[in-house]
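# Examining the three-dimensional arrangement
Chain residues, written in single-letter form:
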Amino acid sequence: MVKQIYTGRYTTENNEDIVVFIIGMRVNKRLALYKWLPVFNAMPGMIKELYTNKDDLGFLSMESFFGLRTTLMIQYWRSTDDLLSYARNEKHMTAWKNFNQKIGNNDAVGIYHETYQVKNGDYESIYGNMPLYGLGKALKHIPITENRNSARKRLK
């Protein structure tokens, strides 16, 4: 599927509070496939659930990155309450319990997450000749006009 490229410069509205959630895993021992592969395989089901139930869950969008040892997902959420509610749901809790039972403190694979609550007006974005991406995919994507022509002007 070819993504539509929006030529020119775009930004997003920044009149909503948002939550940025960064989550990922790191393969510490590549040959311990039996340890890290189940962690990696737990994510697709949760991602599908997020996109299938976006409005009900408060999930806005995400981007994924894969490196040699580390995966990274940047997720955008409507609120911390929505994110924490999802963390307590059945699919996530099952994956979390499985991780703790199978991996625990084993050093073959690591996981991490960071959560940032961002108030409206305290974030800005710019996209030049890009498909919908990041906040531009999560929030209203708008052309840059004179009154939003610099980062300072895009920040309230």
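Starting afresh in each chain, residues are numbered from 1 along the sequence in its written order. This being a predicted model, a pLDDT of at least 70 is required before a residue's local features are given, and a value of 80 or more before pairs of side-chain atoms are given or counted; all residues contribute to the totals for chains, interfaces and linings. With hydrogens and water excluded, all non-hydrogen atoms of the structure serve as input to the side-chain values.

### Examining unusual backbone geometry
This is how it is decided: Secondary structure counts use DSSP, requiring at least four H or I residues in a row for a helix and at least two E residues in a row for a strand, with both numbered from the N terminus.
Residues other than glycine seldom take positive phi values, yet Asn129 does so here, at roughly 55°. You can see Asn129 is positioned in strand β6 (residues 127-130).

### Focus: the sheet that holds β6
Our working definition: A strand pair is defined by DSSP finding two or more bridges across the two strands. Interaxial angles span 0 to 180 degrees and are taken between N-to-C directions of axes, which are lines fitted to C-alpha atoms, for helices over the stretch in contact.
Taking strand neighbours across the sheet as the criterion, the three strands line up as β6-β1-β7 in an open arrangement whose pairing is antiparallel. Two strands in the sheet have a free side with no partner beyond their single neighbour: β6 and β7 (141-143). Adjacent strand axes in the sheet meet at a mean angle of 50°, parallel and antiparallel pairs treated alike. Both strand β1 (residues 6-12) and β6 contribute to a ladder of three bridges, which runs antiparallel.

### Remarks on the side chain of His141
Note the threshold: The rule is simple: take the accessible area with a 1.4 Å probe, protein chains only, and divide by the maximum for that residue type; under 20% is buried, over 50% is exposed, in between is partly exposed. We call two residues in contact when some of their heavy atoms are within 4.5 Å.
Inspection of the secondary structure assignment puts His141 in strand β7. Residue classification places His141 among the buried residues on the basis of a relative accessible area of 17%. Not counting residues within four places of it along the chain, the set of residues in contact with His141 comprises Tyr6, Tyr10, Thr11, Tyr127, Leu132 and Gly136.

### Details of the packing of aromatic side chains
To keep it simple, the criterion reads: Here is the rule: rings of Phe, Tyr and Trp (six-membered ring for Trp) pair when centre to centre is within 6.5 Å. Planes less than 30 degrees apart are stacked, more than 60 are edge-to-face, and the remainder are tilted.
The full count for this structure, using the stated rule, is five aromatic pairs. Look at Tyr51 and Phe59: their rings are 5.1 Å apart centre to centre, the planes differ by 85°, and that puts the pair in the edge-to-face class. Using a relative accessible area of 2% as the deciding quantity, one classes Phe59 as buried. Aromatic rings pair up to connect Tyr51, Phe59, Trp77 and Tyr86 into one cluster.

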